[in-house]
Amino acid sequence: MKERIKVFVTGLVQGVGFRPFVYRLAKELGLKGYVLNSELGVVIEAEGEKEKLHTFLIRLQSEKPPIAKI
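Residues numbered from 1 in each chain as written. Predicted model: local features only at pLDDT ≥ 70, side-chain atom pairs only at ≥ 80, totals over all residues. Heavy atoms only, no water.

(A) Local environment of the pairing of strand S2 (residues 32–38). As paired strands, S2 and strand S3 (residues 41–49) are joined by 7 bridges and run antiparallel to one another. Opposite Lys32, over in S3, you have Glu47 as the bridge partner. Hairpin geometry of S2 and S3 is characterised by an intervening segment of 2 residues between the two adjacent antiparallel strands. (Pairing = 2+ DSSP bridges. Helix = DSSP H or I, 4+ residues; strand = E, 2+ residues; numbered from the N terminus.)

The following block contains the structure:
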């Protein structure tokens, strides 16, 4: 069963390669959705299996670009 999450990421996440990182991670995990900049940071909406979404959220923090600060 597919689920959908929406994540708002704030901090130093613009201009540091964060969106391409999110795209590659989601693609690797087989997730669908989008990632875009907003005035507050980055907005991510992802859809897929619950376990893969959970993995995505964990890896989003643990594997982020070195210069990014969430």
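(B) Structural context of the packing of helix H1 (residues 18–29) against helix H2 (residues 50–62). The interhelical angle for the contact between H1 and H2, taken along N-to-C directions, is 150°, at an axis separation of 10 Å. What the angle tells us is that H1 and H2 run roughly antiparallel. In the crossing of H1 with H2, the sense of the turn from one axis to the other is right-handed. Across the interface between the two elements, Phe18, Phe21, Val22, Leu25, Ala26, Glu28 and Leu29 from H1 touch Lys52, Thr55, Phe56, Arg59 and Leu60 from H2. When the residues that make up the contact of H1 with H2 are grouped by side-chain class, the tally is 8 nonpolar, 1 polar and 3 charged. (Axes fitted to C-alpha atoms, helices over the stretch in contact; angles between N-to-C directions. Parallel < 35°, antiparallel > 145°, perpendicular 65-115°, else oblique. Left-handed = near helix turned anticlockwise from the far one by under 90°. Contact = heavy atoms within 4.5 Å. Nonpolar A, V, L, I, M, F, W, Y, C, P; charged D, E, K, R; others polar.)

(C) Broad picture of the environment of Val22. The topology assignment puts Val22 in helix H1. The spacing of Val22 and Pro65 is 43 residues in sequence and 9.8 Å in space, taken between C-alpha atoms.

(D) How the structure looks around the sheet that holds S3. Ordered in space as S1-S3-S2, the 3 strands form an open sheet in which the pairing is antiparallel. Whereas interior strands pair on both sides, the edge strands pair on one side only; in this sheet they are strand S1 (2–9) and S2. Adjacent strand axes in the sheet meet at a mean angle of 10° when their direction is disregarded. With 8 bridges joining them, S1 and S3 adopt antiparallel strand pairing. Bridge pairing in S3 places Phe8 opposite Val43. Strands S1 and S3 of the sheet are contacted by H2, whose axis makes an angle of about 150° with S3.

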